[in-house]
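Coordinate inspection notes
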Amino acid sequence: MTLEATSINLTLGGRTILTDASVRVDTGRVIGLLGPNGAGKSTLLRSLAGLEPSAESKRTLDGVAAPTRANREWACKVAYLPQTGDLSWPVTVREVVALGRLPHHTGPWGSQSAQDRAIVDLAMQQADVNSLANRPADALSGGERARVMLARALATEPDYLLADEPVAGLDPGHQLQVMELLRARAGAGMGVLVVLHDLTLACRYCDEVMLLYAGRVVAQGRPVEVLNPDNMAKVFGVRVLAADTPDGPVRIPMARLRENTP
Amino acid sequence: MNASNQPASVQTPWLWPVLVTTTVALFVASLKVGSAPIPLWDLATGNAGPEAATLSLILAEIRLPRAILAVFVGGTLGLCGAVLQGLLRNPLAEPGLLGASSAGALGAVIALYFGLTATLPLALPLGGIAGAVLGIMLILFLAGRGARPSTLILAGVAVNSLAGALTALALNLAPSPFASLEIVFWMLGSLADRSFEDVTIVLPFVLLGWPILLMLRRPLEALTLGEDVASSLGFDLRHLQLRVVLATGLTVGACVSVSGNIGFVGLMVPHLLRPWVGHHPGRLVAPSALGGAALLLGADLLTRSPVLGQELKLGVVTALLGAPLFLHLLWHLRTRLL
């Protein structure tokens, strides 16, 4: 099964954000989306999630065109995890995670079944936020909140997860834990598109990476090949240390090659 | 297992019993208390003596419609406050502060004093509804859904001032020489001297609007996580906004056309109830209807307090109760305001 958006051109306020960008996620795979700040990663992810109105018509799921308006059945299949964990009211962590079950309920009331509660519990356990369950979610640290929001997206049990920088602000242990979790979910059949800034994590946990630069997809393929020193110099303007270790490949930015991005 | 791992009791179990009991008690008190206290029990058992007929008349024609209207108007304001706060993700949103009520009053004033009600009996509520719908649309146009609290409040100030000034102007220009004396009623609201005719004006619109508002629970829950996530959870926000504008317009407009502009109910009720539903914007909606009814029944009883000698306007009582809370909320939100 495949979720894709093809040939997206997007201009916001006179500025070109995306030029002929295509993105494709297959179930069972983890796709990394990398590129400098402002390259259009979030916009491409949002386009695939159906949140950029001008790109809506270009989305398909298994060849079926996406509806132009928010749709419950699609919401059950495609979960979107934004970078900012907006929260308007001080509800508990468990309540936030349970919001992920909303698309599965029909009718105006939608009370939770025992199955819903079990799925919410599992998602909280996998994102390691079980111990926070009854805390108000607005009183958490940035990294804790990011994991709560990830649990919320997982609680939907989507076929596809579109995650915008899910490891930003996480401590090293939790960064590895979240990447392992995404891998495990992909192993169980979920398709994952994940925006990352950590080159090593991208190398080690993604099946494929896309490199975005100034609104264009400039490289795509196996992580170790795409994230080579040459591409890193061109796209990020950094010299990287590329090495292989018993635990897998590493890519560490060592020095800037230019003073400022041109 | 430590204590924090036990399932959270997010909704207080006694919330509904307390709300229902309070509302019923205040409703009964509202029938009893007034310039002529009515011994309900004696009346019901036939022991009221020679005044039974008069007392029954006061009960049926004056007290009962007034109490029913308090339930409708208070329920509407509480309900709309909870829904608007959920939609705009802002604890300061309510029909009064946003100007929907005063815009509704303006519409009703135009319909009433310029002869429209003479030709079309429904002109009064329809005028109120048209005004309220325009008022809310103007707010959403000026501030938008994602507005900061300060922007929203300033937009409310603008709509309130405009609607208030136009109401005063309309009353001055009205053919009836007494119209301008009624400005106090429209600005501050009252349930005094209302009849069953007023109940029948409000009833159809409440029956139409309340179910729409009560069924907005799930999209409001989803909006807890912001508009993008709500949309990705399958909720069409334009459709939601349309339903909120229509349903609040219908109910607030119709209510204001018989009660005048009663402020702060929609601010106070959701704020007071929020901790008891785990701050959950969806679960807040239904209790806010009952809470609004109880609050307005209570406030209306206060207007009839014998201590004051003369009957107060209902809007004065709700403002005296609500304005301090408004200041308190502003104080706590001040870091977010700028």
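Residues numbered from 1 in each chain as written. Chains lettered and ligands numbered in written order. Predicted model: local features only at pLDDT ≥ 70, side-chain atom pairs only at ≥ 80, totals over all residues.

1. A few points about the overall build of chain A
Where we set the bar: Numbering goes from the N terminus for both helices and strands, where a helix is a DSSP run of H or I of at least four residues and a strand is a run of E of at least two. This radius of gyration counts C-alpha atoms alone. The globule rule is 2.2 Å times how many residues there are, raised to the power 0.38. Exposure classes come from backbone-placed C-beta atoms, where a residue is buried if 20 or more other C-beta atoms lie within 10 Å of its own, exposed if 12 or fewer do, and partly exposed in between. By the criterion used throughout, residues are in contact when their C-beta atoms, derived from the backbone, lie within 7 Å.
If you tally the helices and strands in chain A, you get 9 helices and 12 strands. The C-alpha radius of gyration computed for chain A amounts to 19 Å, which stays within 12% of the reference 18 Å derived for 262 residues, consistent with globular compactness. Judged by the C-alpha coordinates and their principal axes, chain A covers about 55 × 40 × 35 Å. For chain A, buried positions account for 48% of its 262 residues. In chain A, the share of contacts with a sequence separation of at least 24, taken over all contacts with a separation of at least 6, comes to 65%.

2. Section: the sheet that holds strand β6 (residues 78-81) of chain A
Residue and element names in this part refer to chain A. Let me state the cut-off plainly: By this definition, two strands are paired if DSSP reports at least two bridges between them. Inter-axis angles, ranging from 0 to 180 degrees, are taken between N-to-C directions of lines fitted to C-alpha atoms, where helices are fitted over the stretch in contact.
With mixed pairing, 6 strands are arranged side by side in an open sheet as β6-β7-β8-β3-β9-β10. With one partner strand each, in any of the chains shown, β6 and β10 (216-221) form the two edges of the open sheet. Taken pair by pair, the neighbouring strands of this sheet meet at an average axis angle of 15°, ignoring direction. Bridging between strand β3 (residues 30-34) and strand β9 (residues 208-213) involves 4 bridges; their strand directions are parallel. If you follow Ile31 over to β9, its bridge partner there is Glu208. Helix-sheet contacts for helix α6 (residues 172-187) involve β3 and β8 (191-195), and the interaxial angle to β8 is about 155°.

3. Side note on the pairing of strand β11 (residues 238-245) of chain A
Residues and elements named next belong to chain A. Here β11 pairs with strand β12 (residues 248-256) via 8 bridges, running antiparallel. By the bridge assignment for β12, Arg239 is matched with Ala255. From the end of β11 to the start of β12, which pair antiparallel, there are 2 residues.

4. Some points on the interface of chain A and chain B
What counts is decided by this rule: We call Asp, Glu, Lys and Arg charged. Ala, Val, Leu, Ile, Met, Phe, Trp, Tyr, Cys and Pro are nonpolar, and the rest, Gly among them, are polar.
Taken together, the 30 residues of chain A in the interface contact 26 residues of chain B. Those elements that place two or more of their residues in the side of chain A that touches chain B are α2 (72-77), β6 and α3 (93-98) of chain A. Among the residues making up the side of chain A that touches chain B, the classes are represented as 18 nonpolar, 7 polar and 5 charged.

5. Quick notes on the packing of helix α4 (residues 114-126) of chain A against helix α5 (residues 142-155) of chain A
Residues and elements named next belong to chain A. Rules: Roughly parallel here means an angle under 35 degrees, roughly antiparallel means over 145, roughly perpendicular means 65 to 115, and every remaining angle is called oblique. Rotating anticlockwise by less than a right angle from the far helix to the near helix defines a left-handed crossing, while the corresponding clockwise rotation defines a right-handed one.
Two elements in contact, α4 and α5, have axes whose closest approach is 8 Å; the angle formed by their N-to-C orientations is 140°. The angle between α4 and α5 falls in the class oblique. The handedness of the crossing between α4 and α5 is right-handed. Across the interface between the two elements, Ile119, Val120, Ala123, Met124 and Gln126 from α4 touch Ala151, Leu154 and Ala155 from α5. By residue class, the composition of the contact of α4 with α5 is 7 nonpolar, 1 polar and no charged.

6. Observations concerning the sheet that holds strand β4 (residues 59-61) of chain A
Residues and elements named next belong to chain A. Taken in spatial order, the 4 strands of this open sheet run β2-β1-β4-β5, and their pairing is antiparallel. The open sheet has two edge strands, β2 (15-26) and β5 (64-65), and neither has a second partner. Pairing of β4 with β5 involves 2 bridges; the strand directions are antiparallel. Residue Thr60 lies in a different strand from β5, and its bridge partner there is Ala65. Along the sheet, helix α1 (residues 41-49) contacts β1 (2-12), β2 and β4; its crossing angle with β1, the most-contacted strand, is approximately 125°.

7. A word on the nonpolar core
Rule in force here: We call a set of buried Ala, Val, Leu, Ile, Met, Phe, Trp, Tyr and Cys residues a nonpolar core when their C-beta atoms link them within 7 Å.
Counting 185 residues, the largest nonpolar core has A:Leu33, A:Val97, A:Ala151, A:Leu162, A:Val192, A:Leu193 and B:Val83 as its most contacted members. The element that contributes the greatest number of residues to this core is helix α3 (residues 52-88) of chain B, accounting for 15 residues. Every residue in contact with A:Leu193, bar those within four places of it in the chain, is listed here: A:Val23, A:Val25, A:Ile31, A:Leu33, A:Leu45, A:Leu48 and A:Leu162.

8. Concerning unusual backbone geometry
All names here are of chain A. You will see that Glu157, though not glycine, has its phi angle at about 50°, which is positive. Considering the arrangement of structural elements, one finds Glu157 in the loop between α5 and β7 (160-164). Positive phi, normally seen in glycine, also occurs at Glu165, with a value near 50°.

9. Digging into the environment of B:Ala100
Residue and element names in this part refer to chain B. Position of Ala100 relative to the elements: it lies in helix α5 (residues 100-113). The buried category is assigned to Ala100, around which 36 C-beta atoms lie within 10 Å. Each C-alpha atom, one on Ala100 and one on Ile139, is 8.5 Å from the other, the two residues being 39 residues apart in sequence. For Ala100, the residues in contact, after removing those within four places along its chain, are Pro95, Ala132, Gly135, Ile136, Thr248 and Val252.

10. Things to note about the confidence of the model for chain B
Residue and element names in this part refer to chain B. The condition is simple: Think of pLDDT as the predictor's per-residue confidence, scored from 0 to 100.
Mean pLDDT for chain B: 90, with 96% of residues reaching 70 or above. The low-confidence segment residues 1-9, where pLDDT is below 50, has 7 contacts with residues more than four positions distant or belonging to other chains. Across the predicted assembly, pTM comes out at 0.92 and ipTM at 0.93.

11. Regarding the confidence of the model for chain A
Any residue range with low pLDDT should be treated as having predicted coordinates unsuitable for detailed reading. Across chain A, pLDDT averages 92, with 97% of residues at or above 70. Mean pLDDT per element in chain A: β5(A) is the minimum at 88, and β8(A) is the maximum at 98.

12. Remarks on the pairing of β1(A)
All names here are of chain A. Pairing analysis gives 8 bridges linking β1 to β2, with the strands arranged antiparallel. The partner of Leu12 across the bridge, within β2, is Arg15. Joining the antiparallel neighbours β1 and β2 is a turn of 2 residues, in which Gly13 adopts a positive phi near 55°.

13. A short note on helix α10 (residues 196-214) of chain B
All names here are of chain B. Defined as follows: In a helix, the anticipated span is given by 1.5 Å times the number of residues less one. What the bend at a residue measures is the angle between two axes, fitted to the seven residues ending there and to the seven starting there.
Under the 1.5 Å per step criterion, the end-to-end length of α10 is 25 Å for 19 residues, consistent within 8% with the ideal 27 Å. Val206 marks where α10 bends most, by close to 30°. Every buried residue of α10 is listed here: Asp198, Ile201, Val202, Phe205, Val206, Gly209, Trp210 and Leu213. Looking at the buried residues of α10, the elements they touch are α3, α7 (123-143), α13 (237-259) and α15 (285-303).

14. Examining the packing of α5(B) against α13(B)
Relative placement of two packed helices is described by the angle separating their axes and the distance separating the axes. Residues and elements named next belong to chain B. Direction vectors running N to C along α5 and α13 enclose 60°, while the axes themselves pass 8 Å from each other. Judged by the angle between their axes, α5 and α13 are oblique. α13 is crossed by α5, and the crossing has right-handed handedness. Along its contact with α5, which presents Ala100, Ser101, Gly104, Ala105, Gly107 and Ala108, the element α13 presents Thr248, Val252, Gly253, Val256 and Ser257. Its residues assigned to classes, the contact of α5 with α13 shows 5 nonpolar, 6 polar and no charged.

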